[in-house]
Amino acid sequence: MQKRRIGEVEVSAIGLGGMPISVQGRPERAQAIETIHAALDAGVTFIDTADAYSLDDTDFGHNETLIAEGLRGRSEEVFVATKGGHTRVPGGGWELDGRPEYLFKAVDGSLRRLGVDQIFLYQFHRPDPKTPIAESVGALKEILDSGKIRYAGVSNFNPEEIVLANEILGGRLAAVQNQFSPSFRSSEPELELCDKLGIAFLPWSPFGGIGKAGALAGPFKEVGEAHGVSAHQVCLAWMLAKSEVVVPIPGASRPASISDSAAATHVELSAEELSRLDG
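Residues numbered from 1 in each chain as written. Predicted model: local features only at pLDDT ≥ 70, side-chain atom pairs only at ≥ 80, totals over all residues. Heavy atoms only, no water.

## Focus: the overall build of the protein
Right, so step 1: The number of helices and strands found in the protein is 10 helices and 11 strands.
Right, so step 2: Over its C-alpha atoms, taken along the principal directions, the protein stretches across nearly 55 × 40 × 35 Å.
Right, so step 3: The 279 residues of the protein split such that 54% are buried.
Right, so step 4: For the protein, long-range pairs separated by at least 24 residues make up 74% of all intrachain contacts whose partners lie at least 6 apart in sequence.
Right, so step 5: Accessible surface, the protein: about 11700 Å² in total, of which carbon and sulfur atoms supply 49%.
Right, so step 6: Both charge centroids of the protein, one from 26 positive and one from 38 negative side chains, sit 2 Å from each other. (Helix = DSSP H or I, 4+ residues; strand = E, 2+ residues; numbered from the N terminus. Buried < 20%, exposed > 50% of the residue type's maximum accessible area, 1.4 Å probe, protein only. Contact = heavy atoms within 4.5 Å. Areas by Shrake-Rupley, 256 points an atom, 1.4 Å probe, with all protein chains shown as cover. Lys, Arg positive; Asp, Glu negative; His and termini not counted. Charge placed at Lys NZ, Arg CZ, Asp CG, Glu CD.)

Here's what the structure looks like:
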């Protein structure tokens, strides 16, 4: 497994996105744990979760608790990132809360559910229109300064917001997690900015979203066939080739899925193939 950096720490170049094992359509608990174990066995040392990854408000924190269970006895070999600032409501809906007082409580809840004294990477999940970004990121800075988290990150930020967040954090913004996939490339400016600033860029939904991974076709399928690998491995290899700051976090709910994704670090794409995929 290749390595990439988040802050000063080396993590696997491919991470595991925990969302699919906790939201609607999630697998049985035993399969979810097997999926986490398969990731570790494949060399994955970075897992991304969030307190809001659950069915609804009744099992808020489900994914963090599940990840902690899956890592029991092996947690020292893995770096876990989580997020706060999203809430769940009855019926499965999502809402936002970027108020500092909410984030202060949220990080304590995440610490408790993950069973750790310090969270490796804590990310503000998404800007809240009701709360100025400067206030939300200011709270993130206080949390970072308190020592409750090792690194601070943001998610779903545009370039201007990323620059502002990095300024508020005193140049200590460690990661940006934005949607990026073959079918969603509008985060290229954010990726390029992170490359320039040396900030890790974590593409979420790298295959296009839950239930859409099978839609990878065209050149990704063709290049995969030429290499004898899946289109998903080609997709991840394409992302890794864009910059050394890229750490894709494909979600998985089956052991075979994350095992296949982890193997993407062994796929070497030619300049011509990368050009075709970019097109």
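## Quick word on the packing of helix H4 (residues 133–146) against helix H5 (residues 159–168)
Right, so step 1: Running from N to C, H4 and H5 point in directions that differ by 40°, and their axes come no closer than 9 Å. Considering the angle they form, H4 stands oblique to H5. Judged by the twist between their axes, the crossing of H4 over H5 is right-handed. Of the residues in H5, those touching H4 at Ile 133, Ala 134, Val 137, Gly 138 and Lys 141 are Glu 161, Leu 164, Ala 165 and Ile 168.
Right, so step 2: By residue class, the composition of the contact of H4 with H5 is 6 nonpolar, 1 polar and 2 charged. (Axes fitted to C-alpha atoms, helices over the stretch in contact; angles between N-to-C directions. Parallel < 35°, antiparallel > 145°, perpendicular 65-115°, else oblique. Left-handed = near helix turned anticlockwise from the far one by under 90°. Nonpolar A, V, L, I, M, F, W, Y, C, P; charged D, E, K, R; others polar.)

## Examining the pairing of strand E11 (residues 200–204)
Right, so step 1: Across the 5 residues that make up E11, a large majority, 4, are buried.
Right, so step 2: One ladder, built from 5 bridges, connects strand E10 (residues 173–179) with E11; its direction is parallel. Within E11, the position partnered with Gln 177 by the bridge is Leu 202.
Right, so step 3: Read from E10 through helix H6 (residues 188–197) to E11, the crossover connection turns out right-handed. (Pairing = 2+ DSSP bridges. Right-handed = clockwise from strand over helix to strand, strands pointing away.)

## Digging into the sheet that holds strand E3 (residues 16–17)
Right, so step 1: Strands sit in the order E3-E4-E5-E8-E9-E10-E11 across an open sheet of 7 strands; the sheet is parallel. Looking at strand neighbours, the two that pair on one side only are E3 and E11, the edges of this open sheet.

## Considering the pattern of salt bridges
Pairs can form between side chains of opposite charge once their charged atoms are near each other.
Right, so step 1: Under the defined criterion, the tally for this structure stands at 16 salt bridges.
Right, so step 2: Across the pair Arg 26 and Asp 59 runs a salt bridge, and its minimum N-O distance is 2.8 Å. In this pair, Arg 26 sits in the loop between E3 and helix H1 (29–41) while Asp 59 sits in the loop between strand E4 (46–48) and helix H2 (62–70), placing the two residues 33 residues apart along the sequence.
Right, so step 3: Take Asp 59: its relative accessible area is 16%, and that puts it in the buried class.
Right, so step 4: The salt bridge partner of Lys 130 is Asp 128, with a shortest N-O separation of 3.1 Å.
Right, so step 5: Relative accessible area serves as the criterion here: at 65%, Lys 130 is assigned to the exposed category.
Right, so step 6: Each of the salt bridges in this network shares a partner with another, and the network as a whole consists of Asp 41, Arg 74 and Glu 77. (Salt bridge = Lys/Arg side-chain N within 4 Å of Asp/Glu carboxyl O.)

The analysis is restricted to geometry; functional conclusions fall outside its scope.
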